[in-house]
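The primary structure of each chain is shown beneath.
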Amino acid sequence: MKKLLPILILLAFVAFCYQIVVTFFITEHSIEYSLITSDQEHFTIFEEYQKRGDFHQYSFLVQNKKDVYTFSVEEDFNKQDRVITDIKYYKRNNLECIFPIYKRDYTADVSCLLDGEQVSPYYLTQTDNKDFSDISKKFIEEGYEDIFYNYDITPQKEGNLSIYYDFIPDDFIFAVWNYRGIDIITADGFEEKNFLNDDYYENTLSTVAGKYYVTVNTDNEAKQLNYYQLILYNLQDGGKSLVEVDLSQDSYFNGVYRNQVYITDPKEEKQYVLDPASKEITEVSNVKEISNAKLQDAGADFFDSPKIDSERVVNKRIISLYDTEDIQKDNDNFYFKTSDGRLYKVIGDNYDYPVLLCQFEDMKEWQAHDDGVSFIANDTLYFYSDYYGMKPILINPEFSYNSENIYHFIREV
């Protein structure tokens, strides 16, 4: 026993040192492992982990004899690997679903194949899939969280908006243009912030850079020749700042690159860059365009017509496979929209296994960033995240008539 004690102490010390190395130095891993589940199903799991700032992202490709599922979760497992400990498997007619169970008995969303194509629970609910209705009841019977599959929640009225507070992730902030400023919506409540005295209906002169909502003071624009003021509002702490400018009323925002706003005044043939964090605006010596998520030198015709970033990216693989160029990127994931209103997510480089999130023929103003994707359909703003799945966030009757650049969202960090 006396000989064994030093060995145990040494092993404990080695394990402690290993955990220290993992905690402070390891930021990613990639591993393949096999799992025989409690239902005696056999799966091969390809697991990738990446730490981005304070966020821990696990991405998976799970394979059995004939099917492939891709999904991701954001959870802190102390950077451990082999975090899937069990998988529940369900099949009903042409619908197959797996429900992963992770270390610490953590559970997230279900992954389903409909006729061999991976689809989200929201899409199955949206299309009133009876087989999924039966399967989802089993999740609840077994004691798992039903927030993913429960859409029967009544929104709360706030002025002109109807808000689904239960569906708003805790660390996200939504801002909706109300013609004189913005309505700020979080899981904790609603706040109205007005910047203008007069209504500005077409919100073409606003954007978000990092945590700052940036807009132009358009009051009395009918009497003035130029714009003289930018309004900067900190969406996280509520701070407001003013930056004095001298811009012709032909000016427009090119877009945002690395949390800086590029502004072009075609009348004066000048371009400026605004840093909201420092509250400074400077003229750009060599004019720039923002395209394909990159800042590049502009062509000779730069001032001839507006050069506004569409936030689309080019991905030749997605274009060739799915015949669409309506593609956006968020971290290592891609989202794309097809001509019939189908919105897909591609996790990492798993281009052959996209996840169909939803389908809306009238989908508009869609954007992907900060670990989420959102869009307007009819009069409703929808939002998708790995944790909450696809959910409606709010209803605004104005969206049916005026939707261009009318909302933004950020994630608090």
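Residues numbered from 1 in each chain as written. Predicted model: local features only at pLDDT ≥ 70, side-chain atom pairs only at ≥ 80, totals over all residues. Heavy atoms only, no water.

Asker: Any chance you could explain the packing of aromatic side chains here in plain terms?
Answerer: To describe a pair of aromatic rings, you give the distance between the ring centres and the angle between the ring planes. Inspection of every chain in the model, using the stated rule, returns 28 aromatic pairs. Plain terms: the ring middles of Y322 and Y344 are 6.5 Å apart, the flat faces sit at 20 degrees to each other, and that makes the pair stacked. One end of the pair, Y322, is in helix α4 (residues 316–322); the other, Y344, is in strand β26 (residues 342–346), with 22 residues separating them in the sequence. Judged by its relative accessible area of 23%, Y322 is partly exposed. Taking the relative accessible area as the measure of exposure, Y344 reaches 9% and is therefore buried. By way of ring pairs, the aromatic residues Y49, Y58, F60, F71, F77, Y102 and Y106 are connected into one cluster. A cation sits over an aromatic face here: K391 above F167, 5.6 Å from the ring centre. Taking the ring centre of F55 as reference, the NZ or CZ of R411 above it sits at 3.9 Å. (Phe/Tyr/Trp six-rings, centres within 6.5 Å; stacked < 30°, edge-to-face > 60°. Helix = DSSP H or I, 4+ residues; strand = E, 2+ residues; numbered from the N terminus. Buried < 20%, exposed > 50% of the residue type's maximum accessible area, 1.4 Å probe, protein only. Lys NZ or Arg CZ within 6 Å of the ring centre and 35° of its normal.)

Asker: I keep staring at the nonpolar core and nothing clicks. Help me out?
Answerer: Core analysis: the largest hydrophobic core is formed by 48 residues, its most contacted members being F174, I182, I185, Y213, L235 and L394. When residues in this core are grouped by element, the largest group, six residues, is from strand β11 (residues 172–177). I182 has contacts with A175, V176, W177, E191, E192, K193, F195, Y213, Y233 and L235, leaving out every residue within four places of it along the chain. Formed by 22 residues, the second largest nonpolar core is a distinct cluster that contains F99, L114, L124 and Y351. (Core = buried A, V, L, I, M, F, W, Y, C linked by side-chain atoms within 4.5 Å. Contact = heavy atoms within 4.5 Å.)

Asker: Any chance you could explain the pairing of β11 here in plain terms?
Answerer: Along any regular strand, the residues point their side chains to alternate faces of the sheet. For β11, the buried fraction is high: six of the six residues fall into the buried class. Side chains of β11 alternate between two faces, with F172, F174 and V176 and I173, A175 and W177 buried alike. Inspection of the sheet shows β11 paired to strand β32 (residues 407–411) by five bridges, in the antiparallel sense. Bridging across to β32, I173 finds its partner in I410. Pairing of β11 with strand β12 (residues 181–186) involves four bridges; the strand directions are antiparallel. Bridge pairing in β12 links F174 to I185. Count of turn residues in the β11/β12 antiparallel hairpin: three residues, of which Y179 carries a positive phi of about 85 degrees. (Pairing = 2+ DSSP bridges.)

Asker: Any chance you could explain the environment of D246 here in plain terms?
Answerer: Position of D246 among the secondary structure elements: in strand β17 (residues 240–248). Sequence separation between D246 and D131 is 115 residues, and the spatial gap between their C-alpha atoms is 61 Å. Apart from residues no more than four positions distant in its own chain, D246 is found in contact with N226, Y227, Y228 and D265. Of note is the side chain of D246, whose polar atom sits 2.6 Å from the side chain of N226. (Polar contact = N/O pair within 3.5 Å; in protein donor to acceptor, adjacent residues only side chain to side chain.)

Asker: What is the right way to look at unusual backbone geometry in this model?
Answerer: When glycine is set aside, most residues are seen to have a negative phi, and most peptide bonds are trans. The phi torsion at Q40 lies on the positive side, around 65 degrees, for a residue other than glycine. Following the sequence through the fold, Q40 ends up in the loop between β1 (28–36) and β2 (42–52). Positive phi values are uncommon outside glycine, yet N292 reaches one of about 55 degrees. By the element assignment, N292 lies in the loop between β22 (288–291) and β23 (294–297).

Asker: What exactly am I supposed to notice about the state of the cysteines here?
Answerer: Covalent bonding between the sulfur atoms of two cysteines is what defines a disulfide. This structure, assessed with the given rule, holds one disulfide. Between the sulfur of C97 and that of C112 lies a disulfide, 2.1 Å long from S to S. Torsion about the S-S bond of the C97 and C112 cystine: about 105 degrees, corresponding to right-handed handedness. In this pair, C97 is assigned in strand β6 (residues 95–102) and C112 in strand β7 (residues 111–114), connecting sequence segments 15 residues apart. By relative accessible area, which is 0% here, C97 ends up buried. (Disulfide = S-S within 2.5 Å.)

Asker: Looking at this structure, I do not really get helix α3 (residues 130–141). What am I missing?
Answerer: Since the α-helix packs 3.6 residues into each turn, any two residues three or four apart lie on the same face. Between the first and last C-alpha of α3 there are 17 Å, a value that for twelve residues agrees with the 16 Å anticipated at 1.5 Å per step. Within the span of α3, buried status applies to D131, F132, I135, S136 and F139. Buried residues of α3, seen end-on, are gathered within an arc of 125 degrees and therefore sit on one face of the element. Residues of α3 that are exposed and angled more than 90 degrees away from the buried face: K130 and E141. Those residues of α3 hidden inside the fold are in contact with β5 (84–92), β6, β7 and α2 (121–126). The N-terminus of α3 is capped by N129, whose side-chain oxygen sits 3.1 Å from the backbone nitrogen of D131. (Expected span 1.5 Å × (residues − 1). Arc of directions from axis to C-beta.)

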